[in-house]
Amino acid sequence: MASSRECVIFARVKSGDALELDLDALGPAGEGTGPRDDRTIHVHGGFPGERVDVRVVNVSRQRPLAHAELRKVVTPHPGRRPSPCIHHDTGEPGKRKQTLCTGCPLLSLAVTDQRAHKQALLAREYGLQVDQVVASPQEFGYRWSSKRVVGGTPGHLVLGSYVRGSHTLAAMHACQVDHPEVVLAAEELRRVADSLAIEPATLTGPEHSSTGDLRYAWFKTDGRDVLLTLVTASDDSRAARELPERLRRPAGIAWSIQPSHGNNLRGQPAQILRGKPELALELAGVPRATGPLGFLQPNPEVAALAYADLVRGPDGAELTGPLALDLYAGAGVTTQLLRRQFTEVRPCEAYPESAAALGIPPEPAESFLKTQSETPTLVIANPPREGLGPQVCAELLRLAPQRLHIMSCGPAGLARDLATLAARFRLVALRAYDTLPHTPHVELVAWLEST
C-alpha cells in the first residue's frame, strides 16, 4: 500500500503545470530548488529565498523530483542583480531568442551570497561541513585557462561551450570570467578563421567520429602572453597550415589532432607551429611551466591559496619530517613546496607531459602506493573529480601516514573517500575555495590525521 500511495503523491505535479514556488536551497548545478507535493522542483535561474512563477517541463518517474522553467521572479533574492554578460542564460523566457551560455548559473547573484549558498550546498548534499569558503581575489577575468568548442559554419564560426546536458553550442565571445588576454586572443582567432573560411569539425556517423577541420581551441595565459593550442579532427588541416602565420596575439601556437568521438579535448601529442612552446608562471611562489596540453589551474590566484594550505596544517603551521608523498602531483607545485619542508619527497603523476616535467615515469597513484613500504609523515593528494577511489584509499589505510591532506574538486568523490578513510583517519578540518565564482564549483582541502 505504501508504494501505491507514493505513486499517487508523485503524480500530483505533472508536466505543463504552472506553479508559484518558494525556493529554499541551491542545487548541485547552481539551480534553485523548492518542495512541492513530496517532490523537489529544480528551477534554472532561480535562487534560494525567492518566490518564483514556473512551468513544470519534466517530471521524473523514478525519483521524487521535477524540473521547471522560470517564468517570473515574484519575490527576488536581496542579492539578485542584472547579469553583466550578454551570453548568460538567466533562465528568464524573454532572453531565450538565441542559444545562451549556462556556464555561470550564479552570475545574477552577488558573489558574497553565492559563497554562502555554496557552503550550505556542501553540507546538505554531501554532508561536508566546511569552516569557510575562501573568496577569489577577482570576481571577473579570473580564468587563465579556457577551452573553447568550435562550431558554426565557415565564415561564421562560434567559439563557445556546450549548453548544460546537451551538444548545443553557445557562444562565449567576450566572456566575462576569462582573462582579458584570453578574450582578445579568442576574438582574433574567430575573426581570422572567418576571413579564411576555416571549417569547424563535426561529429558524424554511429561512432560520432570527427570530420571537418578545427574542433577545439585551448587558450592559456601567464597574465601577459597567450599560448594557443589548435585541436583539429585530422592531420589534413587548413587551420594548422594557415592560421599560425596570420595570428598575432598568441606568443605560441601548438597543434594537436583529436579524431576520436567524445568530448576529450586532449588528442595526440602537440607539435609547436610557431613561437613559445610553453608559458612560465609562478604559483604559490613556485616557478613552473605549462605546455600546450599540460594542466593549468583556471584560477591560479585561488589555487595558490589552496596549495599553500594543502602542505601546511589547517592553522597554517609548517609541517616537517623525513618523508612526504605527493599523489597526483601535476606540474609539481606542491612537490616543490614540500621539498622546502621535508627531507625526501616522492611525487607521483600519471599524465605523461606532467610526469616528464617532474623527471619521473608516468604512473597511476594505486600502482605507486603499492611500491611504498615506509610510513610517511605526510601524504598529500589532488585527485580528479571522481576522487581517490577504493584502491588508493585501501593503500593509504595500509600505509597509515601520520597526516593525510586531500585537495578535491569533486565533493561527492571526497565524501565517499572520507567515509572509507574514517576507518583509520580523523577529519581535523575542511575548507572550501571559491575557484570558479558564478558557478557552484569549489575546491576543497581536507586535513586528516591517523588515529
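None of the values given here were measured: they were computed from a predicted structure.

**Student:** Please set out unusual backbone geometry residue by residue, giving values where relevant.
**Tutor:** One non-glycine residue with positive phi stands out, namely A284, at about 55°. Take A284: it is sitting in the loop between β17 (279-283) and β18 (286-290). With a relative accessible area of 23%, A284 lands in the partly exposed category.

**Student:** Now, about the sheet that holds strand β8 (residues 145-153): what can you tell me, with residues and values included?
**Tutor:** The strand order across the open sheet built from seven strands is β10-β9-β8-β13-β14-β15-β16, with neighbouring strands paired in mixed fashion. The sheet terminates laterally at β10 (169-171) and β16 (271-275), the two strands that pair on one side only. Pairwise comparison of adjacent strand axes, ignoring direction, gives a mean angle of 35° for this sheet. When strand β14 (residues 226-232) meets strand β15 (residues 252-257), the two strands line up parallel, connected through six bridges. Its bridge partner lying in β15, V231 is registered against S256.

**Student:** Outline the packing of aromatic side chains, supporting the account with residue identities and numerical values.
**Tutor:** Counting across every chain of the model gives zero aromatic pairs. Seen from the ring of W218, K147 lies directly overhead, with NZ or CZ sitting 4.6 Å from the centre. The ring of Y351 has R266 lying over it, and the distance from NZ or CZ to the ring centre is 4.5 Å.

**Student:** Pulling in residues and values, what's your account of the sheet that holds strand β22 (residues 403-408)?
**Tutor:** What the seven strands build is an open sheet, ordered β7-β23-β24-β22-β21-β19-β20; its pairing is mixed. Each edge of the open sheet carries a strand with a single partner, namely β7 (133-134) and β20 (342-347). Bridging between strand β19 (residues 321-327) and strand β21 (residues 378-381) involves four bridges; their strand directions are parallel. Looking across to β21, one finds that D326 is bridged to I380. Relative to β19, helix α9 (residues 389-399) is tilted by about 175°, and along the sheet it contacts β19, β21, β22 and β23 (425-433).

**Student:** Provide a residue-level description of the pattern of salt bridges, including the pertinent values.
**Tutor:** Enumeration according to the criterion identifies 26 salt bridges in this entry. E139 is the partner of R81 in a salt bridge, and the nearest nitrogen-oxygen pair spans 2.7 Å. One end of the pair, R81, is in the loop between β6 (65-75) and α2 (111-126); the other, E139, is in the loop between β7 and β8, and 58 residues separate them in sequence. On the basis of relative accessibility, which here comes to 22%, the residue R81 falls in the partly exposed class. Here K276 makes a salt bridge to D225, at a shortest N to O gap of 2.6 Å. With K276 in the loop between β16 and β17 and D225 in the loop between β13 (214-221) and β14, this pair connects stretches of sequence that are 51 residues apart. Classification of K276 as partly exposed rests on a relative accessible area of 35%. By sharing partners, the salt bridges in this structure join E20, D22 and R51 into a single network.

**Student:** Could you give an account of the nonpolar core, with specific residues and numbers?
**Tutor:** Where a protein is soluble and globular, its nonpolar side chains tend to be buried together. By size, the foremost hydrophobic cluster in this structure holds 31 residues, and its most contacted members are L327, L396, L421 and L444. Elements represented by at least two residues in this core include exactly β19, α8 (365-370), β21, α9, β22, α10 (411-421), β23 and β24 (443-450). The element that contributes the greatest number of residues to this core is α9, accounting for five residues. Not counting chain neighbours up to four residues away, the residues in contact with L327 comprise C348, F368, L369, V379, I380, A381, N382, V392 and L396. Residues A306, F342, V345 and V445 belong to the second largest nonpolar core, which totals 24 residues.

**Student:** Requested: an account of empty space enclosed by the protein, with residues and values cited.
**Tutor:** On inspection of all chains with the given rule, the structure shows one cavity of 30 Å³ or more. Of the pockets and cavities examined, the largest cavity occupies roughly 40 Å³. R148, L159, M172, H173, A174, V183, A186, E187 and R190 together form the lining of the largest cavity. When its residues are assigned to classes, the lining of the largest cavity shows five nonpolar, one polar and three charged.

**Student:** Lay out the pairing of β21 with the relevant residues and their values.
**Tutor:** Alternating positions in β21 separate into two faces, L378 and I380 on one and V379 and A381 on the other, with burial throughout. Where β21 and β22 come together, four bridges link them in parallel fashion. Across the sheet, residue A381 finds its bridge partner in β22, namely I406. Read from β21 through α9 to β22, the crossover connection turns out right-handed.

**Student:** Account for the pairing of β22, with residues named and values stated.
**Tutor:** Most of β22 is tucked away, with five of its six residues classed as buried. Pairing analysis gives six bridges linking β22 to β24, with the strands arranged antiparallel. Residue I406 lies in a different strand from β24, and its bridge partner there is A446.

**Student:** Please give an account of the state of the cysteines that cites residues and values.
**Tutor:** This model, assessed by the stated rule, comprises zero disulfides. No disulfide involves C348; its sulfur sits 15 Å from that of C393, the nearest cysteine. Cysteine C409 is unpaired, with the sulfur of C393 as its nearest cysteine sulfur at 15 Å.

Rules of the game
- Residues numbered from 1 in each chain as written.
- Predicted model: local features only at pLDDT ≥ 70, side-chain atom pairs only at ≥ 80, totals over all residues.
- Heavy atoms only, no water.
- Helix = DSSP H or I, 4+ residues; strand = E, 2+ residues; numbered from the N terminus.
- Buried < 20%, exposed > 50% of the residue type's maximum accessible area, 1.4 Å probe, protein only.
- Pairing = 2+ DSSP bridges.
- Axes fitted to C-alpha atoms, helices over the stretch in contact; angles between N-to-C directions.
- Phe/Tyr/Trp six-rings, centres within 6.5 Å; stacked < 30°, edge-to-face > 60°.
- Lys NZ or Arg CZ within 6 Å of the ring centre and 35° of its normal.
- Contact = heavy atoms within 4.5 Å.
- Salt bridge = Lys/Arg side-chain N within 4 Å of Asp/Glu carboxyl O.
- Core = buried A, V, L, I, M, F, W, Y, C linked by side-chain atoms within 4.5 Å.
- 1 Å grid on protein atoms, 1.4 Å probe; cavity = no way out; pocket = protein on both sides within 12 Å on 5 of 7 lines; lining within 4 Å.
- Points joined across faces, edges and corners; volume = space filled by probe spheres on them.
- Nonpolar A, V, L, I, M, F, W, Y, C, P; charged D, E, K, R; others polar.
- Right-handed = clockwise from strand over helix to strand, strands pointing away.
- Disulfide = S-S within 2.5 Å.

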